[in-house]
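Here is what each chain is made of, one letter per residue.
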Amino acid sequence: MENDLLRAGCPTWWGGGTLRTLSSQSNFGQGPNPSYDLNPNPGRNPQKGLMASMASRFYDVEQFREWIFRFWSWNLYRKNKVFSYTLKHYGPNTAAAHFVLTQGGAVRFQEQEWLFPQDKNQFLGNSHHFQKLPLEEVDASGCLINYYGLENLVFLPSLRSLKLCGCPYVDDWCLSRLHSLGGSLQELSLAGCPKVTERGLACLHHLWNLRRLDISNLPAVSEKGLTRILVEEMLPDCEVVGADYADGLVPLSEDERGVEEKAAAAVPGAPRGQRTLWNREAPSGMLPRRPFPCLPHPGLIDTPELPGTPP
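An account of the accompanying structure is given in this report. Keep in mind that this is a model prediction, so the values were computed, not measured.

Our focus in this paragraph is the overall build of the protein chain. Helix and strand counts for the protein chain come out as eleven helices and nine strands. Expressed as a percentage of its 311 residues, the buried residues of the protein chain come to 36%. Sequence separation of 24 or more characterises 65% of the internal contacts of the protein chain that already satisfy a separation of 6 or more. Of the roughly 20,200 Å² of accessible surface on the protein chain, a fraction of 55% belongs to carbon and sulfur atoms.

What the rule picks out here adds up to eight salt bridges. A salt bridge links Glu66 to Arg70, with the shortest nitrogen-to-oxygen separation between them at 2.7 Å. Remark: Arg70 and Glu66 occur in helix H3 (residues 61-79); sequence separation between them is four residues, near one turn of the helix. For Glu66, a relative accessible area of 40% translates into the label partly exposed.

Before going further, it helps to spend a moment on empty space enclosed by the protein. In total, this model carries one cavity of 30 Å³ or more according to the counting rule given. The computed volume of the largest cavity comes to approximately 50 Å³. Ile215, Ser216, Asn217, Leu218, Val221, Lys224, Thr227, Gly242 and Ala243 together form the lining of the largest cavity. Classifying every residue of the lining of the largest cavity gives four nonpolar, four polar and one charged.

Of all five residues making up strand S3 (residues 135-139), four are buried, and the element is well covered by its neighbours. Bridge analysis of strand S1 (residues 106-109) against S3 gives four bridges, and the strand direction is antiparallel. Opposite Ala106, over in S3, you have Asp139 as the bridge partner. The sheet contact formed by S3 and strand S4 (residues 161-163) spans three bridges and is parallel. In the sheet register, Val138 faces S4, and the bridge partner there is Leu162.

This part covers the environment of Lys120. Inspection of the secondary structure assignment puts Lys120 in helix H6 (residues 120-125). Judged by its relative accessible area of 24%, Lys120 falls in the partly exposed class. Sequence spacing of Lys120 and Ala97 is 23 residues, and the spatial spacing of their C-alpha atoms is 9.2 Å. Ignoring sequence-local partners within four residues, the contact set of Lys120 consists of His98, Leu101 and Thr102.

Along the polypeptide, Glu136 turns up in strand S3. On the accessibility criterion, Glu136 (11% relative accessible area) is buried. At 3.1 Å, the side chain of Glu136 and the side chain of Arg108 are in polar contact. Once residues lying within four places of it in the same chain are set aside, the contact partners of Glu136 are Arg108, Phe109, Gln110, Ser158, Leu159, Arg160 and Ser161.

Right, let's get into the packing of aromatic side chains. Evaluation of the coordinates by the stated rule reveals nine aromatic pairs. On the basis of an interplanar angle of 10 degrees and a centroid distance of 6.0 Å, the ring pair of Trp67 and Phe71 is categorised as stacked. Remark: Phe71 and Trp67 occur in helix H3; sequence separation between them is four residues, near one turn of the helix. Residues Tyr147 and Tyr148 carry aromatic rings whose centres are separated by 5.6 Å and whose planes lie at 90 degrees to one another, so their mutual orientation is edge-to-face. The class for Tyr147 is partly exposed, based on a relative accessible area of 32%. Members of the aromatic cluster, joined through ring pairs, are Trp67, Phe71 and Trp74. Lying across the ring of Tyr147, Arg177 places its NZ or CZ 4.7 Å from the centre.

With that settled, the discussion passes to helix H10 (residues 224-234). Residues of H10 that are buried include every one of Gly225, Thr227, Arg228, Ile229, Val231 and Glu232, and no others. Looking at the packing, one finds that the buried side of H10 touches helix H9 (198-202), strand S6 (212-214) and strand S7 (239-241).

Definitions and limits used
Residues numbered from 1 in each chain as written. Predicted model: local features only at pLDDT ≥ 70, side-chain atom pairs only at ≥ 80, totals over all residues. Heavy atoms only, no water. Helix = DSSP H or I, 4+ residues; strand = E, 2+ residues; numbered from the N terminus. Buried < 20%, exposed > 50% of the residue type's maximum accessible area, 1.4 Å probe, protein only. Contact = heavy atoms within 4.5 Å. Areas by Shrake-Rupley, 256 points an atom, 1.4 Å probe, with all protein chains shown as cover. Salt bridge = Lys/Arg side-chain N within 4 Å of Asp/Glu carboxyl O. 1 Å grid on protein atoms, 1.4 Å probe; cavity = no way out; pocket = protein on both sides within 12 Å on 5 of 7 lines; lining within 4 Å. Points joined across faces, edges and corners; volume = space filled by probe spheres on them. Nonpolar A, V, L, I, M, F, W, Y, C, P; charged D, E, K, R; others polar. Pairing = 2+ DSSP bridges. Polar contact = N/O pair within 3.5 Å; in protein donor to acceptor, adjacent residues only side chain to side chain. Phe/Tyr/Trp six-rings, centres within 6.5 Å; stacked < 30°, edge-to-face > 60°. Lys NZ or Arg CZ within 6 Å of the ring centre and 35° of its normal.

As structure tokens, then:
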């Protein structure tokens, strides 16, 4: 009897069966295990749904959410790592192209056709050929590029066009890293980037060679018309598209319109309906949401030269 009890208290593998413990020994190992009702509310249907299923499997739902966030952060970091091996053996142009193609973007080398993600294996097979060519255009629209991933792109000496349309992690800090492309970058598209604000656009003054800038559909930019004016003043040789001067303007009331017309008529030599600098190309009778003083500054109005006036 004592040996049977000791034998029941430890796992047994005899008879080719499965592992059995003390709780599985019914009548000294013979017969099926007893069934227990684990429902705390007998007679009621158990709760169903995703949260109930998670609560039944995890001690703390917050711990599971934290695990998901850590995994998401690690995955984002993995996708934006620097391709150090390719950079060391093949140069910055090949490393940048490898990074963009891995992200799902497209690239174009000098005097070559566009390379798309499906051409990645072909590109890697001819990496020695592309190693001698400068990378001129990068289309990373919709890619998961963040501040750290731009490390693969900011040191390209011949990059002329960069498209970051709809990139969810491109923010103001990312735009501050583009200053090293000031001598080469001529076209930049930030259309649809949800995290880009006026502060980030102000960092683009380092891109003195920029010729075209797309700032359309930026939800974080409130005063789009005024922002376009400021960017044009900052980059006078750049064509800014995607924002109208009338964006952010509200119509004047009848009294305010009359005051504006009287103030413009009071300036000597000012033609009727002259628009001021901050209101250029705006519809007649429109002012910004934060209106400036109604009296325009004489220096902002082009007055005709009077006869006999020295130049």
